[in-house]
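Architecture and fold: a report
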Amino acid sequence: MTFGLPAFFGRKARSITPPGVDVTTITDISGSMANYAAFITSAGLYEALETALQAEAIGTLTATPNKYSFCIGGDTTDNTLAKITRNVSVSGSSQLWALGSDVLAQTVTYPTYNISPTNPGNEDMALSTNLVSNNNRTYNTLNERIIVAGSDEQSGQATNFDATPLFSQRYVGIHSAALTINETTGLTPIPSGTLVGFVYTTSSEGVAIYIDGSTINYRDQMPTSVFSASPGTTDQTQACLDQCKTTNGALYNITFFTSTARYALLGESLGSVLGKYLYSVS
């Protein structure tokens, strides 16, 4: 899978960016998630992400390297930090985190998830989010903490998100969602393409994400009040969608990403969002 560098569309520059990011992916490994799981554990994704972040001067300082770790969704069996954590291997050594330098040196072996059509579990994104947010997983306190959570349904979710975790994290949810914008007077022009996501840059302003063929367009200066997201399936919980807004994170509609080419665009867009659009407008 090949990923490109991020393409930016919009007018306002961001200047308040973190020196580095600690990114943890949480992945639903139920039977319908095979294509997403392959995407979120692919070397090309992290090489492109790291390149995009460093282009924004994120993770370039010795004291604040970018870091990447991996977890699965929780369920009644996988309900402790140890059980949901999947280490990487760096030059043959099992580690919790892969550093950005490891990623670019291509010395990382990423986890392999056991995706089975008969596996109905590991859909509780809140359970895993709470576990990684209430334990010190050797986070760099200077870095921004970000969760990238992928799940197309949460029929097995029985946990509420902790509103006051010890280690707060921006939640970037890749979930089944019906996305709409109330087109009111004064909004920035509608770009070409399908609305596939939204970034809650602040509580009042964000960025809408559109994909038109192989082009990603970002509609800047969007009031969060005009954007709404509701479950795209009867098994999708509103709580996961709301967590994106609550934490000033981002939301993508996973049902749009149905091919290798579209997953490559998702990877490209994540580079833009984690490198630029998540942070306060200057």
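Reading the values: rules and limits
Each chain carries its own residue numbering, running from 1 in the direction its sequence is written. Note on the predicted model: pLDDT of at least 70 is required for a residue's local features to be given, and 80 or more for side-chain atom pairs to be given and counted; whole-chain, interface and lining totals, by contrast, use all residues. Side-chain numbers come from the whole structure's heavy atoms, not from hydrogens or water. Where helices and strands are cited, they refer to DSSP runs of H or I of at least four residues and of E of at least two residues respectively, numbered from the N terminus. Restricting the calculation to C-alpha atoms gives the radius of gyration, and the globule rule supplies 2.2 Å times the number of residues raised to the power 0.38. Each residue gets one of three labels from its accessible area relative to the maximum for its type: buried under 20%, exposed over 50%, partly exposed in between, using a 1.4 Å probe on protein chains only. We call two residues contacting when some pair of their heavy atoms lies within 4.5 Å. To measure how exposed things are, a 1.4 Å probe is used in the Shrake-Rupley method; for residues, cover is taken only from the protein chains shown. Charge counting follows a simple rule: Lys and Arg are positive, Asp and Glu are negative, and His as well as the terminal groups are ignored. In this description, the location of a charge corresponds to atom NZ of lysine, CZ of arginine, CG of aspartate or CD of glutamate. Any pair of N or O atoms that falls within 3.5 Å is considered a polar contact. Within protein, one atom must be able to donate a hydrogen and the other to accept it, and sequence-neighbouring residues count only if both atoms are side-chain atoms. Both site types are read off a 1 Å grid over the protein atoms alone. A 1.4 Å probe that fits but cannot get out defines a cavity, while an open set with protein on both sides within 12 Å along at least five of seven lines defines a pocket; lining residues have an atom within 4 Å of a point. Grid points are joined across faces, edges and corners, and a volume is the space filled by probe spheres set on the points. Under the scheme applied here, ten amino acids are nonpolar (Ala, Val, Leu, Ile, Met, Phe, Trp, Tyr, Cys and Pro), four are charged (Asp, Glu, Lys and Arg), and all others, including Gly, are polar. Remark: nonpolar core denotes a set of buried residues (Ala, Val, Leu, Ile, Met, Phe, Trp, Tyr, Cys) joined through side-chain atoms within 4.5 Å.

1. Details of the overall build of the chain
For the chain, the count of helices and strands is seven helices and 15 strands. By the compact-globule yardstick of 19 Å for 282 residues, the chain fits well, its C-alpha radius of gyration being 17 Å. Principal axes of the C-alpha set define a box for the chain whose edges measure 55 × 45 × 35 Å. For the chain, the proportion of its 282 residues judged to be buried stands at 56%. Put simply, 76% of the contacts in the chain that link residues at least 6 apart link residues at least 24 apart. For the chain, the exposed area adds up to about 11200 Å²; of that, 51% sits on carbon and sulfur atoms. Across the chain, the centroid of the 13 positively charged side chains sits 7 Å from that of the 21 negatively charged ones.

2. Quick word on helix H5 (residues 125-133)
The α-helix winds at 3.6 residues per turn, so residues separated by three or four positions along the chain end up facing the same way. Summarising burial for H5: nine of the nine residues are buried, a large majority. For H5, the set of buried residues is Met125, Ala126, Leu127, Ser128, Thr129, Asn130, Leu131, Val132 and Ser133. Buried-residue contacts for H5 involve strand S1 (21-27), strand S2 (67-72), helix H3 (81-84), strand S8 (144-151), strand S9 (170-175) and helix H6 (238-246). Capping of H5 at its N-terminal end is provided by Asp124; its side-chain oxygen lies 3.3 Å from the backbone amide nitrogen of Ala126.

3. Remarks on the layout of surface pockets
Counted as a void, the largest pocket has a volume near 280 Å³. In this structure, the largest pocket is lined by 17 residues; those nearest its centre are Asp162, Pro165, Gln169, Gln243 and Thr247. Put simply, the parts of the chain that give the lining of the largest pocket at least two residues each are H5, S8, S9 and H6. Considering only residue class, the lining of the largest pocket consists of five nonpolar, eight polar and four charged. Computed from the structure, the second largest pocket encloses a volume of approximately 160 Å³.

4. Examining empty space enclosed by the protein
Evaluated as defined, the whole model comprises one cavity of 30 Å³ or more. Of the voids in this model, the largest cavity is the one considered here, and its volume is about 40 Å³. Every residue along the wall of the largest cavity is listed here: Val23, Thr25, Ile40, Leu45, Tyr46, Leu49, Val148, Leu270 and Leu274. Broken down by element, the residue count for the lining of the largest cavity peaks at three residues, all from helix H2 (residues 43-55). Per-class residue counts for the lining of the largest cavity are eight nonpolar, one polar and no charged.

5. Some remarks on the environment of Ala229
With respect to the helices, strands and loops of the structure, Ala229 is situated in strand S14 (residues 227-231). We classify Ala229 as buried; its relative accessible area is 17%. Counting along the chain gives 51 residues from Ala229 to Ala178, while the straight-line C-alpha distance between them is 5.5 Å. Discounting residues that sit within four places of it in the chain, Ala229 has contacts with Ala178, Leu179, Gln238, Leu241 and Leu251.

6. As for the nonpolar core
By size, the foremost hydrophobic cluster in this structure holds 80 residues, and its most contacted members are Tyr36, Tyr46, Ile146, Ile181 and Tyr252. Per-element tally for this core: the top contributor is helix H7 (residues 260-277), with seven residues. If we skip the residues at most four places from it in the chain, Tyr36 touches Thr27, Val148, Ala149, Gly150, Ile174, Ile254 and Tyr263.

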